[in-house]
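Geometric and topological summary
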Amino acid sequence: MPPLVVPGPPMPEVRPLSTVSTPRPLDAAVPTDRFLAAIVESSDDAIIGKTLEGTITSWNRGAEILYGYSAEEAIGQPISLIIPPERPSELPAIMERLRRGERIDHYETIRVRKDGTRFDISVSISPIRNASGSIVGAASIGRGITERKQAERERRALEQKAQQELAARRESEERFRAVWEATSEALALSDPEGIVLAVNPAYCALYGRAPEEVVGHTFAVIFPEAERAGAMEQYRAVFADPNPPHSYETRVQRADGTERVVEARADFLVQDGARVAMISAVRDITERKRLDQAHHDFVAMISHDLASPLTVLRARAQLLKRRQKYDEESITAILEQTARMDRLIGDLRELAQVESGGLSIQREDVDLVGLAQGAVERARTLTTGHALRVTEPELPVVVTGDRDRLGQVLDNLLGNAIKYSPGGEVLVTVEAVRGQAYLRVADQGPGIPADALPHLFERFYRGEHATGDGGLGLGLYISRMLVEAHGGRIWAASKPGSGSTFTVMLPLANRS
Amino acid sequence: MKTVLVVDDEPGLRAVVREILDDEGYAVLEAPHGPAMLELLAEEHADLVLLDVMMPGGDGREAYRELRARADLPDVPVVMMSAAVRPDGLDPSIAAFLRKPFDLDHLLALVAGLIGPSHVGGIA
């Protein structure tokens, strides 16, 4: 069926026929009623009259075409004829408004044709008053708007689709943003000239700069001023290189001037076959480098420390052979050096044990006062130049732990105190404070520089003043592992020039 | 009599080298680290220095650089010793490198090669 009505401009307001003020006749020969009837008849709009009870009283040609009923078929029928049964409440509501004398303008709804098909319609309904002004019926002018509605529906569907796409894109963007923001790897996007387009929070944290200090500026601000030009040149070279290095290490500078070693990987954003931006993923490897270096130094130190006694042993043995006679001094040196190697290997064994977690702790009640006295007695054999003293509390200070292991910690601390102080007093104090036992070893040596204090208990740390007396410098590290295996802590305090104090804190044994 | 200065942080090493060289008629001086070596060379004559590379309290390479930089100290030949195969940063102007542990014969041959037997110019 061809479209019945072409969507047009909004319909003119329609006044009920009976109340229309008499227009000036265009042609005096044509009476007004017939003139109006002709307009009604020729209108493409469906114009329908009905009583307040809803009985159809007039039905123009436009209505015949729109609804498919002839005037004969429609007149006298209830208006519900053209109202879809699935909209039962619509008619009473309309009739109610008409009875109140209200007009209904451009009301968009659905109507049903004779063949049962539904279509969209825009309808204006006005009450009809008789000569005395009482409402006696209604006139409705309807225009099919199926096409307009269809277009609207299509437009809405398009809009919805666009919105869905937008939402999907936004969601995907948000997901990427979440990853971008949450990753611990510092990420930056920069254009071919090295201007930073975007950075993530990890990047800002790494360089200690706010996003606005970075975005829109050259990436080279992460280098010391003198190196920036070179960095730019290198950047352009990497950008142009068809096979750029997968990753590279470099030294950078934070906003506060401190240096970091980073490992950076570069990837490219490619559009239409051309690189438009570089994606840099940067990782701070300063700490890893430091540990690598410490490990390297440790291995070098072990080989040095093992080679030292070996050198003496070999030389002594060759000297004996050359002299062909008993030589007390050489024999003594050989025995000393083998004992030293034994200590080194013992240290390494101990290290392997604490590192692998294979440390076995025999737990029993240990009185730290008795333990300290025993350790001081052992330490007295190491020195004649120091006064060793234990200050005791009135009550025993008891912890649950391994007597031998804790004794080993004390031996180590006392040994260090003797080794690193030229003489004077070495004082051991034991006290119990708020559920914790404190064991302190204080010397009157030259003290430890402040910058060395935090590293004393690290695995591969060896101070500037360490001597090649046979140990691997692992004593404090091993002590720390032993104390921590007891649920305790160990630390050092020192003021250069006025000695050092090493403190072991252990939880007191539960005493009922 | 030729004099050899042994610079090493390890007293046991200094002692055995002293005995080896002493047996051959060399005079031996000892220093436990670089700064002590420089101090000693300012006052005493030495024909050769055996200088350890890895010493706590002063790297042997630094001590060597300082020795060469100081005009008031003699231009004495220096043999550097280390347990490393050949440590980085050795100055090419050193007289020789001696790896630890070393053979007694090798040490004596090296010393004799550099400054001659102990008696030359000394007690016959």
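Per chain, the residues get numbers from 1 upward, laid out in the order the sequence is written. By the order in which they are written, chains take letters starting at A while ligands take numbers starting at 1. Whole-chain, interface and lining totals are the exception, using all residues; otherwise, since this is a predicted model, local features are given only for residues with pLDDT of at least 70 and side-chain atom pairs are given and counted only at 80 or more. Calculated side-chain values reflect all of the structure's heavy atoms, with hydrogen atoms and water omitted.

Glancing now at the pairing of strand β7 (residues 196-199) of chain A. Alignment of strand β6 (residues 186-190) of chain A against β7 of chain A, held across three bridges, turns out to be antiparallel. Residue pairing in the sheet places A188 of chain A in a bridge with V199 of chain A of β7 of chain A. Two strands pair under a simple rule: DSSP has to find at least two bridges between them. Only DSSP runs of H or I reaching four residues or more are called helices, and only runs of E reaching two or more are called strands; each is numbered from the N terminus.

Attention now goes to the interface of chain B and chain A. What makes two residues a contact is simply this: any of their non-hydrogen atoms within 4.5 Å. Listed by partner, the interface residues are 22 residues for chain B and 22 residues for chain A. Summed over both partners, the interface of chain B with chain A buries about 1900 Å², with 53% contributed by carbon and sulfur atoms. One speaks of a salt bridge when a side-chain nitrogen belonging to Lys or Arg is within 4 Å of a carboxyl oxygen belonging to Asp or Glu. Remark: the boundary between chain B and chain A carries seven salt bridges. Note that E19 of chain B is salt-bridged to R323 of chain A, the shortest N-O span being 2.8 Å. By convention, the term buried area covers the 1.4 Å-probe accessible surface removed from two parts as they join, with the contributions of both added.

All names here are of chain B. Each axis is a line fitted through C-alpha atoms, and for a helix only the stretch in contact is used; angles between axes span 0 to 180 degrees, taken between their N-to-C directions. Where helix α1 (residues 11-23) contacts helix α4 (residues 104-115), the axes come no closer than 11 Å and their chain directions differ by 60°. In this structure, α1 crosses over α4, and the sense of that crossing is right-handed. Along its contact with α1, which presents V17, I20 and L21, the element α4 presents L104, L107, L108 and V111. Gly is placed with the polar residues, together with every amino acid not listed as nonpolar (Ala, Val, Leu, Ile, Met, Phe, Trp, Tyr, Cys and Pro) or charged (Asp, Glu, Lys and Arg). Tallied by class, the residues present in the contact of α1 with α4 amount to seven nonpolar, no polar and no charged. Less than a right angle of anticlockwise turn of the near helix away from the far helix marks a crossing as left-handed, whereas a clockwise turn marks it as right-handed.

Here we take up the packing of helix α10 (residues 328-355) of chain A against helix α13 (residues 475-485) of chain A. Residues and elements named next belong to chain A. Close contact between α10 and α13 brings their axes to 10 Å; oriented N to C, the two are set at 35°. The handedness of the crossing between α10 and α13 comes out as left-handed. Contacts between α10 and α13 involve D347, E350, L351, V354 and E355 from the first element and Y477, I478 and M481 from the second. Its residues assigned to classes, the contact of α10 with α13 comprises five nonpolar, no polar and three charged.

Right, let's get into the sheet that holds strand β12 (residues 386-391) of chain A. Residue and element names in this part refer to chain A. With respect to topology, five strands assemble into an open sheet ordered β12-β14-β15-β17-β16, the strand pairing being mixed. Looking at which strands have only one partner, the edges of the open sheet turn out to be β12 and β16 (489-494). The average undirected angle you get between the axes of adjacent strands in this sheet is 15°. Of the strand pairs in this sheet, β16 and strand β17 (residues 500-507) are connected by six bridges, and their pairing is antiparallel. The residue bridging S494 from the neighbouring strand is S500, located in β17. Sitting on the sheet, helix α12 (residues 403-419) touches β12, β14 (424-433), β15 (436-442), β16 and β17, and the angle it makes with β15 is about 30°.

The next thing to look at is unusual backbone geometry. A cis amide bond, omega -10°, links K100 of chain B with the succeeding residue P101 of chain B. Mapping P101 of chain B onto the fold places it in the loop between β5 (96-99) and α4. Phi angles above zero are rare outside glycine, and Q324 of chain A is one such case at about 60°. Within the fold, Q324 of chain A resides in the loop between α9 (286-323) and α10. For each residue, the accessible area found with a 1.4 Å probe, counting protein chains only, is set against the maximum for its type, and the residue is called buried under 20%, exposed over 50%, and partly exposed in between. Overall, Q324 of chain A belongs to the exposed group, its relative accessible area being 66%. Even without glycine at this site, R434 of chain A takes up a positive phi of about 45°. Along the chain, the position of R434 of chain A falls in the loop between β14 and β15.

A separate point is the packing of aromatic side chains. Residues and elements named next belong to chain A. For Phe, Tyr and Trp, where Trp contributes only its six-membered ring, two rings pair if their centres lie within 6.5 Å, and the inter-plane angle classes them as stacked under 30 degrees, edge-to-face over 60, or tilted in between. Within this structure, the stated rule accounts for nine aromatic pairs over all chains. Considering the side-chain rings of F219 and F223, the 6.3 Å spacing of their centres and the 90° angle between planes classify their relative orientation as edge-to-face. Under the relative-accessibility criterion, F219 is labelled buried at 12%. Connected via pairs of aromatic rings, a cluster forms that spans F219, F223, Y235, F239 and F268. Geometrically, a lysine NZ or arginine CZ counts as sitting over a ring once it is within 6 Å of the ring centre and also within 35 degrees of the ring normal. Geometry around F268 places R275 over its ring, the cationic atom sitting 3.9 Å from the centre.

As a further point, take the sheet that holds strand β4 (residues 118-129) of chain A. Where strands meet in a sheet, backbone hydrogen bonds hold them as pairs that are either parallel or antiparallel. Residue and element names in this part refer to chain A. The strand order across the open sheet built from five strands is β2-β1-β5-β4-β3, with neighbouring strands paired in antiparallel fashion. Bordering the open sheet on either side are β2 (56-59) and β3 (104-112), each of which pairs with just one other strand. Ignoring which end each strand starts from, the neighbouring axes of this sheet average 30° apart. Relative to β2, strand β1 (residues 46-51) runs antiparallel, the two being bridged by three bridges. Looking across to β2, one finds that G49 is bridged to S58. Strands in contact with helix α4 (residues 90-99) are β1, β3, β4 and β5 (135-144); relative to β3, the strand with the most contacts, it is inclined by about 155°.

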